[in-house]
Amino acid sequence: MRRLDSHTILVGGAAAAMAISVFLTSLHNPFVYDDYHTVIENTSIRHVTNLRAIFWHDVTRPIVNFSYAVDRAMWGAAPFGFHLSNVLFHALNVGLLFCLARRFRLDATPAFAAAALLAVHPMMTEAVGYVSGRSEVLCATFLLLAMLSADRWLRGREEHRGRWLGAMLAAWIAALMTKETAAMFPFVLVLYDWLQQKSIVVSAFRRTRIVYLPLIAFTVIAGLARVWVLARIEYPGQVSIHWSYLLIDADVFRRYLGMMAVPTGQALFHEVRAIGSLFDPRAIAGLAVVAVVAAAVWRMRRSEWLASFGLAWFALMLVPSSVLIALDQGEPMTEHRVYVASAGLFLAIGAGIAHVADRLAGQDRAIRRAGAVVVALVLVSFAAETLLRNAVWASPVTLWRESVDLAPNHPRPRLLLGEALADAGRRDEAIEQFRVAVSFRPSDPAGHVELARSLGDARRWREARQELMRALDVEPGYAPAQRALKVLDEIEAGLGGNDLRR
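These remarks concern the structure in this document. Position numbers for residues start from 1 in each chain and track the written sequence from start to end. In keeping with the model being predicted, local features are shown solely for residues with a pLDDT of at least 70 and side-chain atom pairs are shown and tallied solely at 80 or more, while totals for entire chains, interfaces and linings include all residues. Only heavy atoms go into the side-chain values, all of them from the structure, while hydrogens and water stay out.

## So, the pattern of salt bridges
Salt bridge criterion: a side-chain nitrogen from Lys or Arg within 4 Å of a carboxyl oxygen from Asp or Glu. For the structure on display, the rule yields 17 salt bridges. Residues Asp193 and Arg207 are paired through a salt bridge, measuring 2.5 Å at the closest nitrogen-oxygen approach. In this pair, Asp193 sits in helix α10 (residues 185-195) while Arg207 sits in helix α11 (residues 204-234), placing the two residues 14 residues apart along the sequence. For the exposure calls, accessible area comes from a 1.4 Å probe over protein chains only, and a residue counts as buried if that area is under 20% of its type's maximum, exposed if over 50%, partly exposed in between. Note on Arg207: relative accessible area 2%, which makes it buried. Here Arg470 makes a salt bridge to Glu467, at a shortest N to O gap of 2.6 Å. Remark: Glu467 and Arg470 occur in helix α22 (residues 461-474); sequence separation between them is 3 residues, near one turn of the helix. For Glu467, a relative accessible area of 6% puts it in the buried group. Residues joined by salt bridges that share partners form a network here, namely Arg103, Asp151 and Arg155. Helix numbering and strand numbering both begin at the N terminus, where a helix is a DSSP run of H or I of at least 4 residues and a strand a DSSP run of E of at least 2.

Right, dumping it as structure tokens:
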């Protein structure tokens, strides 16, 4: 590794400082959406010493849950401390990416460009500015540490290789305990090894037999076990493979890549329509983009190995979410999923900037300065857009209104906007959104209950009862509707208050 002289430290520190500066405005943003489950209603994080409760609350991501407990112990239950930790971890990741780029033999300037893109890119806001995005940020921290350790293991001194291998495995296990995306690390590592074989002196056969095969076998077995738990325990009878959804995977990959290049149309909720045919224009476009990326990875494997590696990193780290889409689990497209993957893309861009800089080395100084100005303008533009995104996240109403505008015919963002409006005391607007949501999906009992609660807040008891009865018609025994109906009975009998939410 090149010596960390004062100039290198200064440049890397500047990139990390950019990360902090653009997300300072997010520190006072409120909890939103999944934060109510992961933080506000999470009783396991109330005592940081109760490790048993912290672990069992979220067995698949205990390190993330522990980090929430530490935040609560240090800062209290307010969102400020939770946001601060996200921003600090993000700044750490920017520094780690800069170190990794330097380790991969990029000069300070292109390494800074790669790290600065991670620091200020608007697509990072959902992972960094959203408390429940902590899993993505922490997973990236441990994976970058694992990759740095792996490089030392592969290309370091013989007497130190054992400890670096141990450090790599420890970091990878920690990453697995923050996000399932980390399962792709062994494949990323094998790819790196293959691209760098000329500069690695450790026996390839020995590495494959002792390290790679066991890691990949463990990953495959653990992945199959996770799918089994998902299908048999968490969602029994609701999980099956939908092969046609692979076309949606390709379309989502195309959209992610497009938004990384031109970050427009961002929202917490993205509507992804079904693709019924291989000849659908969206399917053709998605498959074409996947093919182009795969061809670029293969073509550049010798001439520009780091660009090839970075693009492959980006694609591989999106595979777990693609599997979820094929299993019809979770939202098909969420921006925070690109956080870990983007590190590879930014490394590829850094390699591209280095290549262009080499080509311009013999050109007039004005041309070189023009290139630097272009990079600076891109960073400034992204930073400004990130500040605007932070402002959107400052208001749940604005956040969900944005999603409704982008997906006007989908009931879910309507429901969430209605909840935000109800929390803000804007009853009539909330009732309007709930009615629209119910009209889009009358078979969802939750929509009827939320509408009933807002009608109850407006003392429109008869209408509230009608909606609760509709919810029970849709799903007899639906507990939230039964509880709300009991409260409504008490109200009408003169025994209770006027809050159907209890």
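## Description of the packing of helix α21 (residues 445-457) against α22
Helix axes are fitted only over the stretch in contact, all axes being lines through C-alpha atoms; the angle between N-to-C directions runs from 0 to 180 degrees. Where α21 meets α22, the axes come as close as 8 Å, and the angle between the chain directions of the two elements is 165°. Comparing the axis directions of α21 and α22 gives the class roughly antiparallel. Helix-helix and strand crossings are classified by hand; for α21 and α22 the assignment is left-handed. Contact residues: α21 offers Pro445, His448, Val449, Leu451, Ala452, Leu455 and Gly456, while α22 offers Trp461, Glu463, Ala464, Glu467, Leu468, Arg470, Ala471 and Val474. Each residue is assigned to one class: nonpolar for Ala, Val, Leu, Ile, Met, Phe, Trp, Tyr, Cys and Pro, charged for Asp, Glu, Lys and Arg, and polar for all the others, Gly among them. Classifying every residue of the contact of α21 with α22 by side-chain character gives 10 nonpolar, 2 polar and 3 charged. Comment on the angle field: the value is read as roughly parallel under 35 degrees, roughly antiparallel over 145, roughly perpendicular from 65 to 115, and oblique elsewhere. Crossing handedness follows the turn of the near helix against the far one: under a right angle anticlockwise gives a left-handed crossing, and clockwise gives a right-handed one. In this description, contact between two residues means that some pair of their heavy atoms is separated by no more than 4.5 Å.

## Some details on α21
End to end, α21 covers 19 Å across 13 residues, agreeing with the expected 18 Å (1.5 Å per residue, within 8%). Of all the 13 residues making up α21, 11 are buried; the element is thus mostly covered by neighbouring parts of the structure. Within 3.5 Å is the distance limit for a polar contact, defined as a pair of N or O atoms, with the added protein rule that one can donate a hydrogen and the other accept it, and that residues adjacent in sequence qualify only through two side-chain atoms. One side-chain oxygen at the N-terminal end of α21 lies 3.1 Å from the backbone nitrogen of Ala446; it belongs to Asp444. Arg459 sits one or two residues past α21 and shows a positive phi near 60°. By this rule, a helix spans an expected 1.5 Å times one less than how many residues it contains.

## Digging into the packing of helix α9 (residues 161-176) against α11
The N-to-C vectors of α9 and α11 enclose an angle of 10°; their axes lie 14 Å apart at closest approach. By the angle class used here, α9 and α11 are roughly parallel. Residues Leu165, Met168, Leu169, Trp172 and Leu176 of α9 touch α11, and the partners they reach there are Val211, Leu215, Phe218 and Thr219. Grouping the amino acids of the contact of α9 with α11 by side-chain chemistry returns 8 nonpolar, 1 polar and no charged.

## Observations concerning the packing of aromatic side chains
Aromatic pairing here means that ring centres of Phe, Tyr or Trp (its six-membered ring) are within 6.5 Å. Orientation follows from the plane angle: under 30 degrees is stacked, over 60 is edge-to-face, and everything else is tilted. Under the definition given, this model contains 17 aromatic pairs. Ring geometry for Phe31 against Phe82: centres 5.6 Å apart, planes inclined by 70°, an arrangement best described as edge-to-face. Remark: Phe82 occurs in helix α5 (residues 79-103) and Phe31 occurs in the loop between α1 (6-23) and α2 (35-40); sequence separation between them is 51 residues. Overall, Phe31 belongs to the buried group, its relative accessible area being 8%. Overall, Phe82 belongs to the buried group, its relative accessible area being 0%. The interplanar angle of 75° and the centroid separation of 5.9 Å between the aromatic rings of Trp172 and Phe218 together place this pair among those described as edge-to-face.

## Observations regarding the state of the cysteines
The criterion for a disulfide is a pair of cysteine sulfur atoms lying within 2.5 Å. All chains considered together, the criterion is met by 0 disulfides. Left without a disulfide partner, Cys139 is nearest to the cysteine sulfur of Cys99, which lies 19 Å away.

## With respect to the environment of Ala326
If you trace the backbone, Ala326 turns up in helix α15 (residues 319-326). We classify Ala326 as buried; its relative accessible area is 10%. If near-sequence neighbours (up to four positions away) are discounted, Ala326 is found in contact with Ser240, Ile241, His242, Tyr245, Leu246 and Asp249.

## Regarding a nonpolar patch on the surface
Residues qualify for a patch when their relative accessible area is over 30% and they have no salt bridge, like charges being joined within 9 Å and the nonpolar side chains of Val, Leu, Ile, Met, Phe, Trp and Tyr within 5 Å. Values of accessible area rely on a 1.4 Å probe in the Shrake-Rupley scheme; residue burial ignores everything except the protein chains shown. Among the surface-exposed residues, Phe55, Trp56, Val59, Ile173 and Met177 lie close enough to one another that they form a single nonpolar patch of about 470 Å² accessible area. Within the element layout of this structure, Ile173 appears in helix α9. Note on Ile173: relative accessible area 45%, which makes it partly exposed.

## What to know about unusual backbone geometry
A positive phi angle, near 50°, is found at Tyr33, a position not held by glycine. Structurally, Tyr33 is set in the loop between α1 and α2. Phi is positive for Arg105, which is not a glycine, with a value near 70°. Under the relative-accessibility criterion, Arg105 is labelled partly exposed at 37%.

## Remarks on the nonpolar core
If you look at soluble globular proteins, the nonpolar side chains tend to sit buried side by side. The biggest cluster of nonpolar side chains holds 106 residues, and the ones touching the most others in it are Met147, Phe309 and Trp313. In terms of residue count, the dominant contributor to this core is helix α8 (residues 134-155) (13 residues). With sequence-adjacent residues up to four places away left out, Phe309 is seen in contact with Phe104, Met147, Val188, Leu191, Tyr192 and Leu195. Definition of nonpolar core: a set of buried residues of the types Ala, Val, Leu, Ile, Met, Phe, Trp, Tyr and Cys, connected through side-chain atoms within 4.5 Å. Counting 38 residues, the second-largest nonpolar core is a separate cluster that includes Ala437, Leu472, Leu488 and Ile491.

## Side note on α5
Between its first and last C-alpha, α5 extends 36 Å over 25 residues, near the 36 Å set by a 1.5 Å rise per residue. The buried fraction of α5 amounts to 18 of the 25 residues, a majority that puts the element mostly inside the structure. One or two residues past the end of α5 sits Arg105, with phi positive at roughly 70°.

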